[in-house]
Amino acid sequence: IATKFVPPPGPKPEDSEAERAEKVMKKELYMSNIKEAFSDFAAGRDSDVYLGLQPIFQMAPSEELELWGLEVLARVRDGSDSAPMPGLAEWQVQDRVGARDFLKKQVEFAREVAREFDGVKVSVNVRPDELTGAREKILEVTKDMSGSLLVEITEYAPITEEVLSTIG
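Residues numbered from 1 in each chain as written. Predicted model: local features only at pLDDT ≥ 70, side-chain atom pairs only at ≥ 80, totals over all residues. Heavy atoms only, no water.

(A) Expanded view of the packing of helix H1 (residues 17–42) against helix H2 (residues 87–94). Direction vectors running N to C along H1 and H2 enclose 70°, while the axes themselves pass 9 Å from each other. By the criterion of interaxial angle, the relationship of H1 to H2 is roughly perpendicular. Residue-level inspection shows Lys27, Tyr30, Met31, Ile34, Lys35, Phe38 and Ser39 of H1 in contact with H2, the latter providing Gly87, Leu88, Glu90, Trp91 and Gln94. Residues of the contact of H1 with H2, tallied by class, amount to six nonpolar, three polar and three charged. (Axes fitted to C-alpha atoms, helices over the stretch in contact; angles between N-to-C directions. Helix = DSSP H or I, 4+ residues; strand = E, 2+ residues; numbered from the N terminus. Parallel < 35°, antiparallel > 145°, perpendicular 65-115°, else oblique. Contact = heavy atoms within 4.5 Å. Nonpolar A, V, L, I, M, F, W, Y, C, P; charged D, E, K, R; others polar.)

(B) Broad picture of the pattern of salt bridges. What the rule picks out here adds up to 15 salt bridges. As a salt-bridge pair, Asp101 and Arg100 come within 3.3 Å of each other at their nearest N and O atoms. Put simply, Asp144 and Arg111 hold a salt bridge, and the shortest N to O gap is 2.1 Å. Separated by 33 residues along the polypeptide, Asp144 in helix H4 (residues 128–144) and Arg111 in helix H3 (residues 96–116) bring together distant segments of the chain. Residue classification places Arg111 among the buried positions, given a relative accessible area of 7%. (Salt bridge = Lys/Arg side-chain N within 4 Å of Asp/Glu carboxyl O. Buried < 20%, exposed > 50% of the residue type's maximum accessible area, 1.4 Å probe, protein only.)

(C) How the structure looks around the pairing of strand S3 (residues 121–126). Pairing of strand S2 (residues 65–76) with S3 involves three bridges; the strand directions are parallel. Of the residues in S3, the one forming a bridge with Leu70 is Val122. Relative to strand S4 (residues 149–153), S3 runs parallel, the two sharing five bridges. From the neighbouring strand, Val124 faces S4, where its bridge partner is Val151. (Pairing = 2+ DSSP bridges.)

Laid out in structure tokens, this is it:
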């Protein structure tokens, strides 16, 4: 499992045809592993994917660190619990329905976290091209979270007029 989610190196101009073919095959296997793991997670099945939290602290006037927020992060069980990049971003483009369902799982997770950490902001990363499809779920969860849900619009897709109208 340690190499299952490690992106292989891409082909180089000096590679032989056999080396190129092997690298393409390894890339296809990597993306297949990513697709299976994220599709299973999004569908509620057992998966190597899980959601974790990254704390966000702010300096208080007393010079003490205060927990201000928590960011929801996707991780894979691969021996190092690493971020599944660049596979996650590629999968999100290739499987729009699965990516939307994955985002909804993240938003639900944020709601549960907010219940445990009253008064702490919980941030979820959202691709601009997923915002419109997840709008209703985000609004539903926002009502339960008393303003503690932060939606961070990522740089992984253009911010279109449709996205701007959804935000506005």
